[in-house]
Amino acid sequence: MNPQGKALIRHGSQILIQSRGELCQTRTEFMESEAFLKATGMFLESLVARDSPLLEHLPSREPAFWVKLLGSLAEATLEDTALRIPQAVDFLTKEGRLVLRELVEEFYNHWRSFNRFMVLLSEPGPGALDRRPYRAFNSTLEILVDLIRGAYRDIHENICGDHPRIYRQVPAGCNVGLIAVPKACPLPQGLRELWSEVPFIRQIWIDPPMILDPASNTRSGRFDPVDRDPLEGYRPDPSEWLCYPAQVGPLVIFAAFHVSQIGLGCALANLFELATDAQIARGPDAMFAYGVPMEHLRAWEGNPTVFHEHASGLLTAAIPSGDAYAYFGYLKKMALTLHNVAMLRKGRLPFHGALVDITLDKGRSARVLIIGDTATGKSESIEAFRTLAGKRVRALTVVADDMGSLELTPDGRILGYGTETGAFVRLDDLHRGYAFGQIDRAIFMSPHKVNARVVIPVTTLDEVLTPHPVDFILYANNFEEGDVLERFDSAEAALATFSAGRAMGKGTTTATGLTESYFANPFGAPQCREAHEALAERIFRAAFKAGIFVGQIRTRLAMAGWETKGPAAVAEALLESLG
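Residues numbered from 1 in each chain as written. Predicted model: local features only at pLDDT ≥ 70, side-chain atom pairs only at ≥ 80, totals over all residues. Heavy atoms only, no water.

(A) Looking closely at the pattern of salt bridges. Evaluated as defined, the whole model comprises 23 salt bridges. For the salt bridge of Lys449 with Asp213, the shortest nitrogen-to-oxygen distance reads 3.0 Å. Of this pair, Lys449 sits in the loop between β20 (443-445) and β21 (453-457) while Asp213 sits in the loop between β6 (210-212) and β7 (224-225); the two residues are 236 residues apart in sequence, bridging distant segments of the chain. Ionic pairing is found between Asp471 and Arg367, a salt bridge with its closest N-O pair at 3.2 Å. Placement of the pair is Asp471 in the loop between β22 (468-469) and β23 (472-477) and Arg367 in strand β15 (residues 365-371), with a sequence separation of 104 residues. According to the relative accessible area criterion, Asp471 is partly exposed, its value standing at 26%. The class for Arg367 is buried, based on a relative accessible area of 16%. Overlapping salt bridges bring together Lys332, Lys333, Asp402 and Glu420 as one network. (Salt bridge = Lys/Arg side-chain N within 4 Å of Asp/Glu carboxyl O. Helix = DSSP H or I, 4+ residues; strand = E, 2+ residues; numbered from the N terminus. Buried < 20%, exposed > 50% of the residue type's maximum accessible area, 1.4 Å probe, protein only.)

Structure below.
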């Protein structure tokens, strides 16, 4: 952070602007700022790095010269600018204007090629930025968009002597704006001293659709319990870390991340609600840090994504830095692993699956839980059902998109709960309208690659936390032929299929071929297998006693040619079963 309290920092394809004060309110302030000077220098460096032909026509390669020239062109014609800046005379020819116009266009595109983040840092207290009206924060970021876009257009007109006939309102400011404030919260001694100064995200502004292309697009390895806190002894630099306090189901989990992965960290906003000040003050149920140097995790070098359960019940975890871990799935699945372990300790059975509340015409309704591994057709089957049923569906509410928990009540009912308010969904296999129908709210991950994903809000926190009596418990089988919708005749048969957790890999992780994963849930279930087995047996026996439909669906999603037809067949069978 520079003495003026503002800094522009580049992390790969991301630009982070940090400020402790007000943002630029006028074009002059913007074009005379240190951030604009640094952005100009970055652009000139990019021309040199690729040996651009434009370099042959530039009178100077000094950023300060171009800041002065562009600042003048933002207010005056090229002719008037040449009177003030003699070196601009060479651009008065037809060829010179074309060169200057191309240079400005490339500068604008270079800036927009980055994912851009604004972080307003503030001290806690009555005057903190997060206590001001949210509209003022939003307006400030929108002003920045207008300043940048307006400067670009006026410079263009002053070079060409004419105005464009077509205007495109392309994103030009920041993709994301944050207010981050240190907050006092009860952490165990040792953690409190190390992490107390890391700012908490209190407000977040997103200008979607946002496209991220992290270094990796698959996840590998396990999340293993270890006998000591992986965060012990690691001292983060508060200027390089932020914390997203997430509401994960009924829990509060502090997700701290290094700013080099700010794009993935901010994408949590489309998946989990921000915790309130009161929840932060009560302290977390779990905490993890994403971007811990590998040197600190050498003790678990073979599999450094680890967590620890303290005697107090607090769970702490770490995910290393590095390109191999630059994938949103690590943040999501670590949060959900910690949720699942905590739920088991509270007597709830975690599930890896999708739970939906369906209301059809003529008063028919059902709560359907589909359990299965990644890419087995859970979300695809639900979307196919929505499409097939059409107008017969009066309401289809997503309670859990990927993870949730089941509670067995004293009177024998089974209630389902969710965790996420959003979904981290594969684009490859989904109905075309699923993500693109709400593109204005989406965060896309590597849309040009295999296992392309989108993070999109799908439900509300109220729906996630409300208990839903379950009517169907189904296992998603993506690899074999057979009855599309099969009902098991005993709890033993059901437990055998669910606990085997067989699935055919589809490239979302490094696993390939036919795999087995205990209860299709490597996120806490096998780590606490003894407790999970006892609870699963109780709940499945109670399900059969209560007359709940327990069975499996054969989506055939991993079989060639069935990527769409398989979920569609499941939807037909389910609709027929519901009448």
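Here the narrative resumes.
(B) Examining the side chain of Gln261 more closely. Along the chain, Gln261 falls in the loop between β9 (251-258) and α8 (262-266). For Gln261, a relative accessible area of 17% corresponds to the buried category. Apart from the residues lying within four places of it in its own chain, the contact partners of Gln261 are Gln14, Tyr290 and Ala326. (Contact = heavy atoms within 4.5 Å.)

(C) Molecular detail of the packing of aromatic side chains. For the structure shown, the criterion picks out 21 aromatic pairs. Between Phe223 and Phe523, the ring centres sit 6.1 Å apart and the planes meet at 50 degrees, which makes this aromatic pair tilted. Separated by 300 residues along the polypeptide, Phe223 in the loop between β6 and β7 and Phe523 in the loop between β26 (514-516) and α15 (529-545) bring together distant segments of the chain. The exposure class assigned to Phe223 is buried, which follows from its relative accessible area of 2%. Pairing Tyr475 with Phe498 gives two aromatic rings, centres 5.5 Å apart and planes at 75 degrees, and the pair type is edge-to-face. Separated by 23 residues along the polypeptide, Tyr475 in strand β23 and Phe498 in helix α14 (residues 491-500) bring together distant segments of the chain. Members of the aromatic cluster, joined through ring pairs, are Tyr475, Phe488, Phe498, Tyr518, Phe519 and Phe540. Over the ring of Tyr108 we find Arg112, and its NZ or CZ is 5.5 Å from the ring centre. Over the face of the ring belonging to Trp562 we find Arg556, whose NZ or CZ atom lies 3.7 Å from the ring centre. (Phe/Tyr/Trp six-rings, centres within 6.5 Å; stacked < 30°, edge-to-face > 60°. Lys NZ or Arg CZ within 6 Å of the ring centre and 35° of its normal.)

(D) Quick peek at helix α11 (residues 378-389). When the terminal C-alpha atoms of α11 are compared, their 17 Å separation across twelve residues agrees well with the 16 Å that a helix rising 1.5 Å per residue should span. Within α11, nine of the twelve residues are buried, which leaves it mostly tucked inside the rest of the structure. Residues of α11 that are buried include every one of Lys378, Ser379, Glu380, Ser381, Ile382, Glu383, Ala384, Phe385 and Ala389, and no others. Looking one or two residues past α11, Gly390 carries a phi angle of roughly 55 degrees, positive in sign. (Expected span 1.5 Å × (residues − 1).)

(E) Quick look at the nonpolar core. Phe288, Ile473 and Phe498 are the most contacted members of the largest nonpolar core, which has 85 residues in total. With eleven residues, helix α10 (residues 328-345) is the single largest residue contributor to this core. Setting aside chain neighbours within four positions, we find Phe288 in contact with Ile253, Phe254, Ala255, Ala256, Ala317, Ile319, Leu331, Met334, Ala335 and Leu338. Core analysis: the next-biggest nonpolar cluster, separate from the first, contains 52 residues, Leu54, Trp66, Leu103 and Tyr108 among them. (Core = buried A, V, L, I, M, F, W, Y, C linked by side-chain atoms within 4.5 Å.)

(F) Spatial organisation of the environment of Leu69. For Leu69, the position within the fold is in helix α3 (residues 63-73). Of the residues examined, Leu69 reaches a relative accessible area of 0% and is grouped as buried. Taking C-alpha positions, Leu69 is 61 Å from Arg394, a pair spaced 325 residues apart along the chain. Leave out the neighbours within four places in its chain, and Leu69 touches Thr81, Ile85, Ala88, Phe91 and Leu100.

(G) Structural view of unusual backbone geometry. Cis geometry marks the peptide bond from Pro208 to Pro209, where omega comes out at -5 degrees. Among the structural elements, Pro209 can be located in the loop between β5 (200-206) and β6. Not every positive phi belongs to a glycine, and Asp51 is a case in point at roughly 50 degrees. In this structure, Asp51 sits in the loop between α2 (34-49) and α3. Classification of Asp51 by relative accessible area gives exposed; the value is 61%. Phi at Asn451 is positive, roughly 65 degrees, even though this residue is not glycine.

(H) How the structure looks around the sheet that holds strand β19 (residues 422-426). The strand order across the open sheet built from four strands is β6-β20-β21-β19, with neighbouring strands paired in mixed fashion. Looking at which strands have only one partner, the edges of the open sheet turn out to be β6 and β19. Here the strands of the sheet are splayed against their neighbours by 20 degrees on average, with no regard to which way each runs. Note that β20 and β21 share three bridges and pair antiparallel. The residue of β21 that forms the bridge with Ile443 is Val455. (Pairing = 2+ DSSP bridges. Axes fitted to C-alpha atoms, helices over the stretch in contact; angles between N-to-C directions.)

(I) A look at α10. Taking 1.5 Å per residue as the helical rise, α10 with its 18 residues ought to reach 26 Å, and the 26 Å between its terminal C-alpha atoms agrees with that figure. Across the 18 residues of α10, 17 count as buried, placing the element largely inside the fold. Positive phi shows up at Gly347, right after α10, with a value of about 90 degrees.

(J) A look at the environment of Phe223. Along the backbone, Phe223 and Leu578 are 355 residues apart, and their C-alpha atoms lie at a distance of 38 Å. When sequence neighbours within four positions are dropped, the list of residues in contact with Phe223 reads Asn303, Thr305, Phe307, Tyr330, Lys333, Met334, Thr337, Phe523 and Gln527.

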